[in-house]
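Structural description and commentary
The residues making up each chain are set out below.
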Amino acid sequence: MDWIHYMVDNLDLLTSRTIEHIALVGVAVGIATLTGVPIGIAITKNERLAKAVLYVASIIVTVPSIALFGIMIPVLSLIGQGIGYLPAVIAVLLYSQLPIIRNTYTAIHNVDPALREAARGIGMSQNQRLQKVEIPLAVPVIMAGVRTAVVLNIGVMAIAAYIGAGGLGTFISRGISQSDPRQLILGAVAVSLLAIIVDYSLLALQKRLTPKGMERAAFAE
Amino acid sequence: MPVQNMKGALRLLLIVFVFVAGVWVQASGTLDELLFYLPDVQYLVVQHLWLTAISGGLAILVAIPLGIMLSRPSMVRFAESAMQVLNVGTTIPTLAVLALSMSFLGIGTVPAVFGLFVATLLPITRNTYAGLKGVSPALREAASGIGMAPIQRLFKVELPNALYVIFAGIRTALTINVGTVPLAFLIGAGGLGELIFTGIDLYDPLMMLAGAIPTALLAIAVDALVATTAFVAVPRGVNPSRA
Amino acid sequence: MIRLDNLTKVFDTPKGAVTAADHITMEVPSGEICILLGPSGCGKTTTLKMVNRIIRPTSGKVFINGEDTTDLDTQELRRNIGYVIQQIGLFPNMTIEENITVVPKLLGWDKAKYKERARELMRMIALEPDAFLKRYPSELSGGQQQRIGVARALAADPPVMLMDEPFGAIDPINRAVIQDEFLKMQQELNKTIMFVSHDIDEAIKMGDRIAIFRAGNLEQYSRPDDLLANPKDDFVESFLGEDRALKRLNLVKVRDMASEDIGTVAPDEDLQTALSRMDDHGYPGSIMMVNDRHQPVGVIPRSVARTTRGYCRDHFDTLPAIAQLDDDLRKVASLMFAHDMTWLPCVDEEGRLCGQITQRAITHHLGSRYRVQQVETVAEV
C-alpha cells in the first residue's frame, strides 16, 4: 500500500494532473459536441450523406489512439506542434465525433413519425419541430453519446501522456519508466476512478436532462 | 446504389490521397527509409497478431460461456450486480488495466496477455448477456411450448437470435484489443508499439509512422474481418445488416 | 364547409406513377361530419391529408369556407385546421397542458387565455383539469390520450377538423364511449369534420355523410341511410356487407317510428274491461297496464283476462322490456329477439308510456325504402 502514502505525499500533483486531465477531455469533447450535434442533425436530411459521414467516423474510431498519435505527430511537427496538447486534443475531437454524431442522428432520425406528422399537422415549421419536439426528445440520447465520448477519451488522454500532453497518464508513464509501482498504481487507480465517476455523473445529468414524461421510454432498455 | 457511389467516391479519394502521398514519399526518399523498417514491421506484426489471437481467443472462450451462464434464469439474482461490475469494468481505460496488470504480475508477455484478456473479456460478456436477455420472451415461450429442453432452447433459439449482438461485442472487443496491443510493449510484450513508442522517445517521425500505419491498418482489417464474419455467420432472418 | 375540387395525387414510385387520388370532387357542408371510408390503399387517407397539405396535391384545389387555400401559407393553414391521427402523437416531452396549448401558443395567444382554454377543453372532454393538466402523456391510458389528442386539435377552435382513424387504436368498449362523447361535443361545436375510417359501423354511427373510396376514386357520396338503402354498385354493396339492411337499424330512432296509438288499462279496472279493450284494439296477446302517471307497470295477458275474474292490479305480469324514445332500432330489435316479443312499449324521458313499436312496423320501414327504389329503377328503365 505504498502507493497510498505516495498519493498522500503528492496530493497537489494528483489534483493538478486530475484537473489537467478533465480540462483537456472536457474542452475537446465540448468542442466535439458543438460540431457533432449540428452535423448529426444536418445529416438526417440526407440518408446517403448520413451513411458516408457515419462510415468515415467509424473508421476513425477504429484507428487505435496510439497509432493516431504516431501518424499525427509527424504531420503536426511540420507546424512545430508535434508533441504536447494539440495532437491529444485533436485525437479526442476526432474520436468524439462518432458517438456524438451517431447518437444525434439516430435519435432525431428515430423520432416517431406520428409525432412528426402531428407536429406538422398542427402547423409547426421545420425549425419549430426541431426545437420543440425533435431536439427535446433527442437530448437524452445525445447526452448518452457525449457520455460515451467522455469515458472513451479519458482513456485516450491517459495514453496521450506519452506524447507529452500531461494528465493522469503521466503517473503511469513515469511509473513504468522508473519502475515505480507507487506511481503506476496511483495513475491506474486515479484514471479508472475518474472514468467511473464521470460516467456516473454524466448518467445522472442525462437523467436530469430527460424530459419528464419520457423517463420510462428513454431508460427502458 | 447511391450509397455505394458515395462510398466509391470516398474510396477513390482515399486512393488518390494515398497515391499522392506515395509519390511525395518516394520523391523525398522517405520511402526507402520507411522500407528500412520493413523486416522489423513484419516481425512485429506477427508478434502483434499473436498477442491479439491468444488474449482475444481466450477472452472469447471465457466470455461467451460466462455471458450464457449469467443469462440463465437461475442466475438472475447475481446477474444484474455482475453486469454492474462489468459495466464499471469497461469504463476503466485500457492503459490502466495494463498498468494494474503489470503492478501485480510484473513485466513480460504474461501480464500483457492477461491485461488484454481482461479488456477484451468485458465487452463480449456484456453483449452475450444483453443479446440473450434481449431475445423476445415470446420466442422463449414458444420454444418451451413446443417441448424444447432448456439446452435445446439455448442452442436452437436463444443463441441464433442473440448472435448478431454477440458478434457486435466481439467486434468491439477485438478492435479494442488490437488497438491496445501497442501499449503492451510498455510492459515488455513487444508488438508494433515498439516502433511507435521508440519513435516517440527518439522523436523519429519515420519510425513512428512505420509502427503507426500498420497498427491502424491492422485495426481496420480486424474490424472488417469480424464484421464480414458476422455478416456471413449470422442467419439472414436475424441479421439487420443483411435485411 | 370543405370543398375539394378535382383533387389529385400521383405518387412517383420505382414501379411507376401511382394515382392515389383521382380528381376527387366533393363538398362537406358546414357543421357536418363526413366519413371517408374504404379498404386500405383506396386513397381516403391521401385525400384527407391533402386538405392540410401533409400530402401535397399534384393538382386540384381545396376550399375552406369558400376560400381557396392554395395560396395560403402552409403553417398558417394547418394552425387553423384541427388534426387528430390514429397514433395520437402527443408529444411525450410535454405535459398535457403543454400539449393542448401548443397551437394557441404558436398563434401567439396570451398566457391567461390559453391556460383558461386548456381547462375549458379538459372539462369538455370530461377529464378533471387539476388531476390531468400537469401529467405527462405516458401516464395516461390510450383512451385518455386520444381525448387529449382531440382536445389539442380543438384548442384554437378551428372551424374545420381532420381526423385520421382517430379511434382506431382504442379498444372497442372505450371506442364506443369516446365516439358517443365526441358526437355529444359535436352537437354543440358544429365543426366541419372530415374523418377517415375503415370501419363501416363507425361510419354509420358518426357520419352525416359517407364517402366511399376505391382505388383512388370516389365511388359514392351519400347520407348513411341512402348509402345503405341504395348502394351504387356491386363494390359498394359488398363493402357495406350482406347485413346492410340491419345496419340501417342504427340510423332510425324509436321516436321516428313509434305508433302513438296504444290501448291501456288502469290497475283498478277489472279484467273483463281489459279483455274487451284488447278486442277493441285487436291485440292478440296482451295489454299494457299503466299507473296514474301513465307509467307502464305491467301487462295483462289475454289468457289471464279470459279465464280469471278480478282487478288488473292483482293479475298482471311484469314487463320484460321497454324502449326509450332515443333508442335506435337496433337496440329495440335486439330486445324483441331476446324476450321473444313482437312489440315493445315506448316511454319518454319521464318514463311515461307514449306509444308502441312493432316488429311489423320495423320491417315495413326498412322494406319501404327498397320498394320505392325498385319502383324508381323500373320507372327509369
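Residues numbered from 1 in each chain as written. Chains lettered and ligands numbered in written order. Predicted model: local features only at pLDDT ≥ 70, side-chain atom pairs only at ≥ 80, totals over all residues. Heavy atoms only, no water.

With an unreviewed UniProt entry as reference, chain C is termed Quaternary amine transport ATP-binding protein, source organism Halomonas nitroreducens. The UniProt entry for chain C carries the following text under Subcellular location (unreviewed entry): "Cell inner membrane". Word for word, the UniProt comment on chain C under Subunit (unreviewed entry) is "The complex is probably composed of two ATP-binding proteins, two transmembrane proteins and a solute-binding protein." (UniProt positions renumbered as here; feature names shortened; annotations may be inferred.)

Per an unreviewed UniProt entry, chain B goes by ABC transporter permease and derives from Halomonas nitroreducens. Quoted verbatim from the Sequence similarities (unreviewed entry) heading of the UniProt record, the comment on chain B is "Belongs to the binding-protein-dependent transport system permease family." Checking UniProt for chain B, the heading Subcellular location (unreviewed entry) contains the comment "Cell membrane".

**A short note on the overall build of chain C**
A count of helical and extended segments in chain C gives 17 helices and 16 strands. Principal-axis analysis of the C-alpha atoms gives chain C an extent of 85 × 65 × 35 Å. Buried residues in chain C amount to 50% of all 381 residues. Across chain C, the fraction of contacts at a sequence separation of at least 24, relative to all contacts at a separation of at least 6, is 62%. (Helix = DSSP H or I, 4+ residues; strand = E, 2+ residues; numbered from the N terminus. Buried < 20%, exposed > 50% of the residue type's maximum accessible area, 1.4 Å probe, protein only. Contact = heavy atoms within 4.5 Å.)

**Details of the interface of chain B and chain A**
A common way to express how large an interface is: the accessible area buried when the components associate. Residue-level contacts link 37 residues of chain B with 38 residues of chain A. Counting the surface lost from both chain B and chain A, the interface buries some 3300 Å², and carbon and sulfur atoms represent 85% of this. Applying the counting rule to chain B against chain A returns 0 salt bridges. Joining chain B to chain A, the criterion identifies 0 residue pairs in polar contact (both at pLDDT 80 or more). Elements with a contribution of two residues or more to the side of chain B that touches chain A: helix H1 (2-27), helix H4 (76-91), helix H5 (94-105), helix H8 (150-184), helix H9 (193-202) and helix H10 (205-233) of chain B. The element that contributes the greatest number of residues to the side of chain B that touches chain A is H10(B), accounting for 10 residues. (Buried area = accessible area lost by both parts, 1.4 Å probe. Salt bridge = Lys/Arg side-chain N within 4 Å of Asp/Glu carboxyl O. Polar contact = N/O pair within 3.5 Å; in protein donor to acceptor, adjacent residues only side chain to side chain.)

**Observations concerning the confidence of the model for chain B**
Looking at chain B as a whole, the pLDDT averages 85, with 94% of positions reaching at least 70. Taking the mean pLDDT of every element in chain B, the minimum, 70, falls on helix H2 (residues 30-35) of chain B and the maximum, 92, on helix H6 (residues 109-134) of chain B. (pLDDT = per-residue confidence, 0-100.)

**Considering the pairing of strand E12 (residues 286-290) of chain C**
Residue and element names in this part refer to chain C. Counting buried positions over the 5 residues of E12 gives 5, a clear majority of the element. With 2 bridges connecting them, strand E11 (residues 264-265) and E12 associate as parallel partners. Directly across from threonine 264, in E12, lies its bridge partner methionine 288. Here E12 pairs with strand E13 (residues 296-301) via 5 bridges, running antiparallel. Bridging from a neighbouring strand, methionine 289 pairs with glycine 298 of E13. (Pairing = 2+ DSSP bridges.)

**Examining the packing of helix H7 (residues 126-160) of chain A against helix H9 (residues 181-209) of chain A**
Residue and element names in this part refer to chain A. The contact between H7 and H9 brings their axes to 9 Å, and the two run at 170 degrees. Looking at the two axes, H7 sits roughly antiparallel to H9. The segment H7 lies against H9, with Val139, Pro140, Met143, Ala144, Arg147, Val150, Val151, Ile154 and Ala158 engaging Val191, Leu194, Ala195, Val198, Asp199, Leu202, Leu203, Leu205, Gln206 and Leu209. Of the residues contributing to the contact of H7 with H9, the split by class is 16 nonpolar, 1 polar and 2 charged. (Axes fitted to C-alpha atoms, helices over the stretch in contact; angles between N-to-C directions. Parallel < 35°, antiparallel > 145°, perpendicular 65-115°, else oblique. Nonpolar A, V, L, I, M, F, W, Y, C, P; charged D, E, K, R; others polar.)

**Section: the UniProt feature "transmembrane region" (unreviewed entry) in chain B**
Residue and element names in this part refer to chain B. Those places that UniProt annotates as "transmembrane region" (unreviewed entry) correspond, in this numbering, to residues 12-29, 49-70, 82-100, 106-124, 162-187 and 207-234. Strand forms 0% of residues 82-100 and helix 89%; the C-alpha atoms that close the span are 21 Å apart. A helix fraction of 96% and a strand fraction of 0% characterise residues 207-234, whose end C-alpha atoms lie 41 Å from each other.

**Thoughts on the sheet that holds strand E16 (residues 353-358) of chain C**
Residue and element names in this part refer to chain C. One open sheet holds the 3 strands; their spatial order is E14-E15-E16, and the pairing between them is mixed. Both outer strands of the open sheet, strand E14 (323-324) and E16, are each paired with one neighbouring strand and no more. The pairing of E14 with strand E15 (residues 343-347) spans 2 bridges and is classified as parallel. Bridge pairing links glutamine 324 to valine 347 in E15.

**Quick word on a nonpolar patch on the surface**
All names here are of chain B. A cluster of nonpolar residues, Leu12, Val16, Phe19, Val20 and Val23, forms a patch on the protein surface that exposes about 500 Å² of accessible area. With respect to the helices, strands and loops of the structure, valine 23 is situated in helix H1. For valine 23, a relative accessible area of 44% translates into the label partly exposed. (Patch = residues over 30% accessible without salt bridge, like charges linked within 9 Å, V, L, I, M, F, W, Y side chains within 5 Å. Areas by Shrake-Rupley, 256 points an atom, 1.4 Å probe, with all protein chains shown as cover.)

**Section: the packing of aromatic side chains**
Taken as a whole and judged by the stated rule, the model has 6 aromatic pairs over all chains. Consider the rings of A:Tyr162 and B:Phe197, whose centres lie 4.9 Å apart with planes at 70 degrees: the pair is edge-to-face. Here A:Tyr162 is found in the loop between H7 and helix H8 (169-177), whereas its partner B:Phe197 is found in helix H9 on a different chain. In terms of burial, A:Tyr162 and B:Phe197 fall into one category: buried. Residues C:Phe167 and C:Phe182 carry aromatic rings whose centres are separated by 6.1 Å and whose planes lie at 65 degrees to one another, so their mutual orientation is edge-to-face. Of this pair, C:Phe167 sits in the loop between strand E7 (160-164) and helix H8 (172-189) while C:Phe182 sits in helix H8; the two residues are 15 residues apart in sequence, bridging distant segments of the chain. (Phe/Tyr/Trp six-rings, centres within 6.5 Å; stacked < 30°, edge-to-face > 60°.)

**Brief notes about the interface of chain C and chain A**
The interface is formed by 24 residues belonging to chain C together with 21 residues belonging to chain A. Summed over both sides, the interface of chain C with chain A buries roughly 2000 Å², with 63% coming from carbon and sulfur. The interface formed by chain C and chain A includes 1 salt bridge. Where A:Glu117 meets C:Lys49, a salt bridge forms, and the shortest distance between an N and an O atom there is 2.9 Å. Inspection of the chain C/chain A interface yields 8 residue pairs in polar contact (both at pLDDT 80 or more). Going through the elements one at a time, helix H2 (74-79), strand E6 (81-85) and helix H4 (102-106) of chain C are the ones with two or more residues in the side of chain C that touches chain A.

**Observations concerning the sheet that holds E13(C)**
The 3 strands lie next to each other as E11-E12-E13 (chain C), forming an open sheet whose pairing is mixed. The strands lining the two open edges of the sheet, one partner per strand, are E11 and E13 of chain C.

**Side note on the pairing of strand E4 (residues 59-64) of chain C**
All names here are of chain C. Judged from the 5 bridges that link them, strand E1 (residues 2-13) and E4 form a sheet pairing that is antiparallel. Among the inter-strand pairings, arginine 3 is bridged to a residue of E4, identified as phenylalanine 63. Relative to strand E5 (residues 67-68), E4 is paired through 2 bridges, and the arrangement is antiparallel. Note that in E5 the partner of phenylalanine 63 across the bridge is aspartate 68. Linking E4 back to E5 in an antiparallel pair, the connection comprises 2 residues, with asparagine 65 at a positive phi of about 50 degrees.

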